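This is what each chain is made of:
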Amino acid sequence: MPRLLRDFFELFFPSTCCVCGAPLVGDEHELCTNCLLKLPEATSTLKDNNFVEQRFIGRVPVEHCSALLVYRRKTNAQKILHQIKYYGNEKLGIVMGRQLGLYLAQSGLYDSVDLLVPVPLHRRKERRRGYNQSLRICQGIAQTFPRPIVSNNLVRIRRTDSQTHKTRLQRLDNMQGVFAVKDSEALKNKHILLVDDVITTGATTEACWIAMRSIEGLRISIAALAVSGDN
(Lines give C-alpha, C1' and ligand atoms only; values in the text may rest on other atoms or scores of the structure.)
Protein backbone atom coordinates (compact mmCIF):
# COMPACT_ATOMS: atom_id res chain seq x y z
CA MET A 1 0.00 0.00 0.00
CA PRO A 2 1.46 3.45 -0.94
CA ARG A 3 2.57 5.44 2.11
CA LEU A 4 0.06 8.28 1.56
CA LEU A 5 -2.87 5.88 1.21
CA ARG A 6 -1.72 3.89 4.23
CA ASP A 7 -1.47 7.05 6.35
CA PHE A 8 -4.98 8.08 5.25
CA PHE A 9 -6.35 4.63 6.13
CA GLU A 10 -4.60 4.66 9.52
CA LEU A 11 -6.16 8.04 10.28
CA PHE A 12 -9.64 6.53 10.31
CA PHE A 13 -8.82 2.89 11.17
CA PRO A 14 -5.68 2.99 13.34
CA SER A 15 -3.86 -0.24 14.09
CA THR A 16 -3.61 -0.99 17.78
CA CYS A 17 -1.24 -2.95 20.00
CA CYS A 18 -2.47 -6.51 20.50
CA VAL A 19 -1.51 -6.36 24.19
CA CYS A 20 -2.53 -2.93 25.53
CA GLY A 21 -4.74 -1.60 22.72
CA ALA A 22 -2.75 1.61 22.25
CA PRO A 23 -2.53 3.01 18.69
CA LEU A 24 0.58 1.89 16.84
CA VAL A 25 2.82 4.62 15.47
CA GLY A 26 5.77 4.84 13.09
CA ASP A 27 7.41 1.49 12.45
CA GLU A 28 5.49 -0.38 15.17
CA HIS A 29 3.76 -3.54 13.96
CA GLU A 30 1.21 -5.55 16.01
CA LEU A 31 2.95 -4.64 19.28
CA CYS A 32 3.78 -1.20 20.65
CA THR A 33 7.32 -0.36 21.73
CA ASN A 34 6.26 0.08 25.35
CA CYS A 35 4.81 -3.45 25.57
CA LEU A 36 7.75 -4.89 23.63
CA LEU A 37 10.22 -3.45 26.14
CA LYS A 38 8.21 -4.81 29.08
CA LEU A 39 8.09 -8.42 27.86
CA PRO A 40 9.66 -10.99 30.21
CA GLU A 41 12.70 -11.94 28.18
CA ALA A 42 14.39 -15.30 28.78
CA THR A 43 17.88 -13.83 28.52
CA SER A 44 19.55 -16.63 30.49
CA THR A 45 18.71 -19.09 27.70
CA LEU A 46 21.32 -17.40 25.48
CA LYS A 47 24.03 -19.12 27.52
CA ASP A 48 25.31 -22.68 27.37
CA ASN A 49 23.82 -25.22 29.79
CA ASN A 50 20.84 -23.00 30.53
CA PHE A 51 17.69 -24.18 32.30
CA VAL A 52 15.93 -25.07 29.03
CA GLU A 53 18.83 -27.21 27.79
CA GLN A 54 18.80 -29.00 31.13
CA ARG A 55 15.21 -30.14 30.51
CA PHE A 56 16.45 -32.26 27.63
CA ILE A 57 19.38 -33.96 29.36
CA GLY A 58 19.11 -37.69 28.77
CA ARG A 59 16.22 -37.13 26.34
CA VAL A 60 17.44 -35.11 23.34
CA PRO A 61 21.12 -34.47 22.54
CA VAL A 62 20.66 -30.76 21.81
CA GLU A 63 23.53 -28.52 20.75
CA HIS A 64 21.87 -25.37 22.08
CA CYS A 65 18.42 -24.32 23.23
CA SER A 66 16.99 -20.79 23.59
CA ALA A 67 13.70 -18.94 23.97
CA LEU A 68 12.75 -15.30 23.64
CA LEU A 69 10.19 -15.04 26.46
CA VAL A 70 9.33 -16.62 29.79
CA TYR A 71 5.75 -17.86 29.68
CA ARG A 72 3.45 -17.48 32.66
CA ARG A 73 -0.33 -17.41 32.83
CA LYS A 74 -2.13 -14.04 32.80
CA THR A 75 0.91 -12.18 31.47
CA ASN A 76 1.66 -10.33 28.25
CA ALA A 77 3.64 -13.35 27.07
CA GLN A 78 0.48 -15.44 27.31
CA LYS A 79 -1.50 -12.78 25.44
CA ILE A 80 1.01 -12.81 22.61
CA LEU A 81 1.07 -16.60 22.33
CA HIS A 82 -2.72 -16.78 22.36
CA GLN A 83 -2.94 -14.09 19.68
CA ILE A 84 -0.63 -16.12 17.46
CA LYS A 85 -1.98 -19.56 18.24
CA TYR A 86 -5.71 -19.10 18.76
CA TYR A 87 -6.75 -15.72 17.36
CA GLY A 88 -5.31 -15.85 13.86
CA ASN A 89 -2.65 -13.17 14.32
CA GLU A 90 -0.05 -14.71 12.03
CA LYS A 91 1.61 -11.33 11.43
CA LEU A 92 2.46 -11.18 15.12
CA GLY A 93 4.17 -14.57 14.77
CA ILE A 94 6.47 -13.08 12.14
CA VAL A 95 7.11 -9.94 14.20
CA MET A 96 8.08 -11.97 17.27
CA GLY A 97 10.08 -14.36 15.12
CA ARG A 98 12.20 -11.42 13.99
CA GLN A 99 12.93 -10.61 17.63
CA LEU A 100 13.88 -14.21 18.32
CA GLY A 101 16.14 -14.21 15.26
CA LEU A 102 17.99 -11.18 16.60
CA TYR A 103 18.57 -13.05 19.85
CA LEU A 104 19.96 -16.08 18.05
CA ALA A 105 22.23 -14.00 15.84
CA GLN A 106 23.61 -11.96 18.74
CA SER A 107 24.36 -15.01 20.88
CA GLY A 108 26.83 -16.52 18.41
CA LEU A 109 25.83 -20.01 19.57
CA TYR A 110 23.81 -20.77 16.46
CA ASP A 111 26.25 -19.69 13.74
CA SER A 112 26.67 -23.26 12.45
CA VAL A 113 22.92 -23.83 11.95
CA ASP A 114 22.16 -24.88 8.36
CA LEU A 115 18.36 -25.07 8.29
CA LEU A 116 15.28 -23.84 10.12
CA VAL A 117 12.66 -26.55 10.70
CA PRO A 118 9.27 -25.61 12.17
CA VAL A 119 7.44 -28.12 14.35
CA PRO A 120 4.64 -29.26 12.00
CA LEU A 121 0.90 -29.24 12.60
CA HIS A 122 -1.37 -32.03 11.43
CA ARG A 123 -2.76 -31.05 8.03
CA ARG A 124 -6.33 -30.91 9.34
CA LYS A 125 -5.45 -28.56 12.19
CA GLU A 126 -3.35 -26.38 9.89
CA ARG A 127 -6.21 -26.22 7.40
CA ARG A 128 -8.63 -25.23 10.17
CA ARG A 129 -6.28 -22.60 11.66
CA GLY A 130 -5.15 -21.38 8.25
CA TYR A 131 -1.43 -21.50 9.02
CA ASN A 132 1.23 -23.15 11.17
CA GLN A 133 2.29 -20.71 13.89
CA SER A 134 5.75 -22.30 14.15
CA LEU A 135 6.29 -21.70 10.43
CA ARG A 136 5.33 -18.04 10.84
CA ILE A 137 7.85 -17.73 13.68
CA CYS A 138 10.44 -19.38 11.40
CA GLN A 139 9.70 -16.87 8.66
CA GLY A 140 10.34 -14.06 11.12
CA ILE A 141 13.56 -15.66 12.34
CA ALA A 142 14.82 -15.95 8.76
CA GLN A 143 14.52 -12.17 8.32
CA THR A 144 17.07 -11.44 11.06
CA PHE A 145 18.92 -14.79 11.20
CA PRO A 146 18.99 -15.77 7.52
CA ARG A 147 18.77 -19.54 7.00
CA PRO A 148 16.73 -21.67 4.59
CA ILE A 149 13.40 -22.92 5.96
CA VAL A 150 12.49 -26.57 5.42
CA SER A 151 8.81 -26.94 6.24
CA ASN A 152 7.74 -30.03 4.30
CA ASN A 153 10.18 -32.73 5.40
CA LEU A 154 9.38 -33.28 9.08
CA VAL A 155 5.64 -34.02 9.04
CA ARG A 156 2.95 -34.82 11.58
CA ILE A 157 1.29 -38.10 10.65
CA ARG A 158 -1.07 -38.52 13.58
CA ARG A 159 -3.49 -36.14 15.24
CA THR A 160 -3.20 -35.71 19.00
CA ASP A 161 -5.34 -34.45 21.84
CA SER A 162 -4.52 -31.06 23.34
CA GLN A 163 -1.43 -31.12 25.56
CA THR A 164 -2.58 -28.20 27.70
CA HIS A 165 -3.83 -30.02 30.80
CA LYS A 166 -1.69 -33.16 30.60
CA THR A 167 1.15 -34.18 32.91
CA ARG A 168 4.66 -34.72 31.54
CA LEU A 169 4.16 -38.49 31.25
CA GLN A 170 0.75 -38.02 29.62
CA ARG A 171 2.28 -35.58 27.14
CA LEU A 172 5.02 -38.04 26.24
CA ASP A 173 2.49 -40.84 25.77
CA ASN A 174 0.29 -38.55 23.68
CA MET A 175 3.18 -37.77 21.31
CA GLN A 176 4.23 -41.34 20.52
CA GLY A 177 4.57 -41.97 16.78
CA VAL A 178 3.29 -38.50 15.86
CA PHE A 179 6.08 -37.33 13.52
CA ALA A 180 7.90 -38.76 10.51
CA VAL A 181 10.62 -37.65 8.08
CA LYS A 182 9.92 -37.79 4.34
CA ASP A 183 13.50 -37.35 3.07
CA SER A 184 16.26 -38.30 5.51
CA GLU A 185 19.02 -37.63 2.96
CA ALA A 186 18.14 -33.93 2.87
CA LEU A 187 18.95 -33.65 6.60
CA LYS A 188 22.06 -35.84 6.58
CA ASN A 189 25.03 -34.13 8.30
CA LYS A 190 22.98 -30.96 8.83
CA HIS A 191 22.68 -28.79 11.92
CA ILE A 192 18.99 -27.92 12.16
CA LEU A 193 17.21 -25.42 14.35
CA LEU A 194 13.87 -26.90 15.41
CA VAL A 195 11.43 -24.04 16.01
CA ASP A 196 8.30 -24.18 18.19
CA ASP A 197 5.97 -21.62 19.73
CA VAL A 198 6.39 -22.67 23.37
CA ILE A 199 8.40 -25.23 25.33
CA THR A 200 6.75 -26.70 28.41
CA THR A 201 7.81 -30.28 29.21
CA GLY A 202 9.65 -30.72 25.91
CA ALA A 203 7.51 -33.71 24.89
CA THR A 204 6.84 -32.36 21.39
CA THR A 205 10.51 -31.67 20.78
CA GLU A 206 11.44 -35.13 22.03
CA ALA A 207 8.91 -36.72 19.68
CA CYS A 208 10.40 -34.76 16.75
CA TRP A 209 13.87 -35.96 17.71
CA ILE A 210 12.72 -39.59 17.90
CA ALA A 211 11.49 -39.30 14.30
CA MET A 212 14.89 -37.92 13.19
CA ARG A 213 17.39 -39.66 15.44
CA SER A 214 18.49 -42.28 12.90
CA ILE A 215 19.61 -39.63 10.38
CA GLU A 216 23.37 -39.81 9.95
CA GLY A 217 25.29 -36.79 11.26
CA LEU A 218 22.19 -34.81 12.23
CA ARG A 219 22.69 -32.16 14.90
CA ILE A 220 19.77 -30.38 16.54
CA SER A 221 19.32 -27.08 18.31
CA ILE A 222 16.02 -25.71 19.57
CA ALA A 223 14.46 -22.26 19.58
CA ALA A 224 11.05 -21.27 20.86
CA LEU A 225 9.16 -18.05 21.17
CA ALA A 226 8.57 -18.80 24.85
CA VAL A 227 9.45 -21.26 27.58
CA SER A 228 7.44 -21.99 30.69
CA GLY A 229 9.06 -21.54 34.07
CA ASP A 230 11.39 -19.04 35.71
CA ASN A 231 14.24 -17.34 33.95
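All values derive from a computational prediction rather than experimental measurement.

K.L.:
Can you walk me through helix α7 (residues 133–144) in this structure?
P.N.:
Owing to its 3.6 residues per turn, the α-helix brings residues three or four apart onto one side. For α7, built from 12 residues, the straight-helix expectation of 16 Å at 1.5 Å per residue is met to within 8% by its first-to-last C-alpha distance of 18 Å. Residues Q133, S134, L135, R136, I137, C138, G140 and I141 constitute the buried set of α7. For α7, the N-terminal cap is N132; the gap from its side-chain oxygen to the backbone nitrogen of S134 is 3.0 Å.

K.L.:
What is the right way to read the packing of helix α5 (residues 90–107) against α7 from this model?
P.N.:
The axes of two packed helices give the description: the angle between them and the distance between them. Interhelical geometry of α5 versus α7 gives an angle of 45 degrees and a closest axis separation of 6 Å. In terms of orientation, α5 lies oblique with respect to α7. Of the two elements, α5 crosses α7, and the hand of that crossing is right-handed. Residues E90, G93, I94, G97, R98, L100, G101, L102, L104 and A105 of α5 form the contact with α7, whose participating residues are R136, I137, Q139, G140, I141, Q143 and T144. Here the residues of the contact of α5 with α7 sort into 7 nonpolar, 7 polar and 3 charged.

K.L.:
Looking at this model, I keep getting lost on the packing of aromatic side chains. Mind explaining?
P.N.:
This structure, assessed with the given rule, holds 0 aromatic pairs. The ring of F145 is capped by R147, whose NZ or CZ atom sits 4.1 Å from the centre of that ring.

K.L.:
Is there a simple way to think about the pairing of strand β5 (residues 191–199) in this case?
P.N.:
Sheet faces and side chains relate simply in a regular strand, where the side chains alternate between the two faces. When you tally the buried positions in β5, you get 9 out of 9 residues, the bulk of the element. One ladder, built from 4 bridges, connects strand β2 (residues 115–118) with β5; its direction is parallel. Residue pairing across strands places L116 opposite L193, the latter belonging to β5. Pairing of β5 with strand β6 (residues 219–228), which is carried by 8 bridges, proceeds in the parallel orientation. Opposite V195, over in β6, you have A223 as the bridge partner. The handedness of the β5 to β6 crossover, carried by helix α9 (residues 203–212), is right-handed.

Analysis parameters
- Residues numbered from 1 in each chain as written.
- Predicted model: local features only at pLDDT ≥ 70, side-chain atom pairs only at ≥ 80, totals over all residues.
- Heavy atoms only, no water.
- Helix = DSSP H or I, 4+ residues; strand = E, 2+ residues; numbered from the N terminus.
- Expected span 1.5 Å × (residues − 1).
- Buried < 20%, exposed > 50% of the residue type's maximum accessible area, 1.4 Å probe, protein only.
- Polar contact = N/O pair within 3.5 Å; in protein donor to acceptor, adjacent residues only side chain to side chain.
- Axes fitted to C-alpha atoms, helices over the stretch in contact; angles between N-to-C directions.
- Parallel < 35°, antiparallel > 145°, perpendicular 65-115°, else oblique.
- Left-handed = near helix turned anticlockwise from the far one by under 90°.
- Contact = heavy atoms within 4.5 Å.
- Nonpolar A, V, L, I, M, F, W, Y, C, P; charged D, E, K, R; others polar.
- Phe/Tyr/Trp six-rings, centres within 6.5 Å; stacked < 30°, edge-to-face > 60°.
- Lys NZ or Arg CZ within 6 Å of the ring centre and 35° of its normal.
- Pairing = 2+ DSSP bridges.
- Right-handed = clockwise from strand over helix to strand, strands pointing away.

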